[in-house]
Amino acid sequence: MTNYHTHSRWCDGKGELREYVEYAISKGFSVLGFSGHSPVPFPSTFAIKDEEYTAYCDEVRALKAEYAGRIDIRLGLEIDYIPGLQEDFSTFVEKGGLEYTIGSVHLIPNPNDIESLRQLSATANGDERNQIPYHIWFIDGPRQETYDNGLHHIFGDDIRAGVRAYFHQQNAMIERNRPTIVGHCDKIVMHNHNRYFQYDEPWFRDLLYETITLIKEYGCICEINTRGIYKGRHTDFYPAKETIKYMNTLGIPVIVGTDAHQPSDLDREEGANLFLKEIGYRNIIIFLQ
Ligand SMILES: [Zn+2]
Ligand SMILES: [Zn+2]
């Protein structure tokens, strides 16, 4: 078994890195990749602190050396692509010496607001920085109210505009940064629960398939993220099974990620590997040098 999508107490997860390593070994994992949430340029409770980023990378590297021969530990980062605020992954890659990146979108500004956001961040003193989150639709986290309120304040309840911004942001991330793995590429559905739109509506599918096509074109790996299922927040993988079937017809490489936030999440793959086999996937990606 492997897992490349792993958080810890360095960001919004529970437990030391070593506890994840020990758990993974006890379950017979061959590879464990760490992918803490990248620092973000405003106050947050979920991201690695900018001043702790190097220490996070150093600790992963130290464990990699210590456990060599027992388990293959990989240094990665789940990087938020936020237009106007955080557009280039290269700074993190070079500063940390990352072995892989997961590119993810959780934070969506209104495309019409990006220039003012850029200015806010360029001139930001502490107080101005605190304002930045009010310009961003946060689509993740445990609370449906956060999703609904963000959609209301940032997009005036226009779900299509919000969803379009999400997918366009993801596309820009792929084109600009070509992340190793694209994380949970339809997570925008998590708090929707069929309220604002249905998954099979043509406008939604067109946007999703545009992203899928880019993943193929840029040679990224598409993550099959299982967290929604074992957290009881969603009834399918991200992306959904029907989308994975479509990806198989295009020959897009996939990787199963549990998005672990505590050691016991590491093996919550929720039948994803069997599902992939059933629909015809015959290979999984592993990283060599
Ligand atoms: Zn994520
Ligand atoms: Zn994650």
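Residues numbered from 1 in each chain as written. Chains lettered and ligands numbered in written order. Predicted model: local features only at pLDDT ≥ 70, side-chain atom pairs only at ≥ 80, totals over all residues. Heavy atoms only, no water.

A.B. asks: I'd love a proper account of the overall build of the protein chain, names of residues and values included.
C.D. replies: Looking only at helices and strands, the protein chain has 11 helices and nine strands in total. Overall, the C-alpha framework of the protein chain stretches about 55 × 45 × 35 Å when taken along its three principal axes. Residues counted as buried form 54% of the 289 residues belonging to the protein chain. When contacts within the protein chain are restricted to residue pairs at least 6 apart in sequence, those whose partners lie at least 24 apart make up 74%. Here the protein chain displays about 12600 Å² of accessible surface, and carbon together with sulfur accounts for 48% of that area. (Helix = DSSP H or I, 4+ residues; strand = E, 2+ residues; numbered from the N terminus. Buried < 20%, exposed > 50% of the residue type's maximum accessible area, 1.4 Å probe, protein only. Contact = heavy atoms within 4.5 Å. Areas by Shrake-Rupley, 256 points an atom, 1.4 Å probe, with all protein chains shown as cover.)

A.B. asks: Describe the packing of aromatic side chains, naming the residues involved and giving the relevant values.
C.D. replies: By the definition in use, this model includes 16 aromatic pairs. Both rings, one in tyrosine 199 and one in phenylalanine 204, keep their centres 5.2 Å apart while their planes meet at 55°; by these two values the pair is tilted. Among the residues examined, tyrosine 199 registers a relative accessible area of 15% and is labelled buried. What links up through ring pairs into an aromatic cluster is the set Tyr166, Phe167, Phe197, Tyr199, Trp203 and Phe204. Lying over the aromatic face of tryptophan 10, arginine 9 brings its terminal NZ or CZ to 4.0 Å of the ring centre. (Phe/Tyr/Trp six-rings, centres within 6.5 Å; stacked < 30°, edge-to-face > 60°. Lys NZ or Arg CZ within 6 Å of the ring centre and 35° of its normal.)

A.B. asks: Which residues make up the coordination of the zinc ion (ligand 1), and what values go with them?
C.D. replies: Those donors, Glu78 (OE), His106 (NE2) and His184 (NE2), are the protein atoms that reach the zinc ion (ligand 1), and they lie 2.1 to 2.2 Å from it. Coordination of the zinc ion (ligand 1) draws on donor residues from a single chain, spaced E-x27-H-x77-H in sequence. Distance-wise, the zinc ion (ligand 2) is placed 3.3 Å from the zinc ion (ligand 1), both being coordinated by glutamate 78. Here glutamate 78, found in strand β3 (residues 72–80), pairs with histidine 106, found in the loop between β4 (100–104) and β5 (107–109); they are 28 residues apart in sequence, far enough to count as distant. Look at histidine 106 and you get buried, because its relative accessible area is 4%. (Donors = N, O, S within 2.8 Å, 3.2 Å for Na, K, Ca; no water.)

A.B. asks: Outline the pairing of strand β8 (residues 221–225), listing residues and values.
C.D. replies: Among the five residues that make up β8, five are buried, leaving the element largely enclosed by the rest of the structure. Here β8 shows no split at all, with Ile221, Glu223 and Asn225 on one side and Cys222 and Ile224 on the other all buried. Bridging between strand β7 (residues 181–182) and β8 involves two bridges; their strand directions are parallel. Bridge pairing in β8 links valine 182 to cysteine 222. Handedness of the crossover joining β7 and β8 through helix α8 (residues 202–217): right-handed. (Pairing = 2+ DSSP bridges. Right-handed = clockwise from strand over helix to strand, strands pointing away.)

A.B. asks: Give a detailed account of empty space enclosed by the protein, specifying residues and quantitative values.
C.D. replies: The full count for this structure, using the stated rule, is one cavity of 30 Å³ or more. Computed from the structure, the largest cavity encloses a volume of approximately 30 Å³. Lining the largest cavity, in full, are Tyr4, His5, Ile102, Ile181, Glu223, Ile255, Val256 and Gly257. Tallying contributions element by element places strand β9 (residues 254–257) first for the lining of the largest cavity, with three residues. Of the residues belonging to the lining of the largest cavity, the class tally is five nonpolar, two polar and one charged. (1 Å grid on protein atoms, 1.4 Å probe; cavity = no way out; pocket = protein on both sides within 12 Å on 5 of 7 lines; lining within 4 Å. Points joined across faces, edges and corners; volume = space filled by probe spheres on them. Nonpolar A, V, L, I, M, F, W, Y, C, P; charged D, E, K, R; others polar.)

A.B. asks: Now, about the coordination of the zinc ion (ligand 2): what can you tell me, with residues and values included?
C.D. replies: Taken together, the protein ligands of the zinc ion (ligand 2) are His5 (NE2), His7 (NE2), Glu78 (OE) and Asp259 (OD), with distances of 2.1 to 2.3 Å. Taken together, the four donor atoms coordinating the zinc ion (ligand 2) and their angles of 80 to 168° define a geometry best described as irregular. Mapping the donors of the zinc ion (ligand 2) onto the primary sequence yields the spacing H-x1-H-x70-E-x180-D. (Tetrahedral: all angles 85-135°; square planar, octahedral: opposite > 155°, others 65-115°.)

A.B. asks: Report on the sheet that holds β7, specifying residues and quantitative values.
C.D. replies: Neighbouring strands of a sheet are bound in pairs by backbone hydrogen bonds; such pairs are parallel or else antiparallel. Taken together, seven strands build an open sheet; the order of strands is β1-β2-β3-β4-β7-β8-β9 and the sheet is parallel. Pairing within the sheet leaves two strands with one partner each, and these edge strands are β1 (2–3) and β9. Direction of pairing for β4 relative to β7: parallel, over a ladder of two bridges. Counted as the bridge partner of isoleucine 102 is isoleucine 181 from β7. Against the sheet, helix α1 (residues 17–26) makes contact with β2 (31–37) and β3, and its axis sits at roughly 150° relative to β2, the strand it touches most. (Axes fitted to C-alpha atoms, helices over the stretch in contact; angles between N-to-C directions.)

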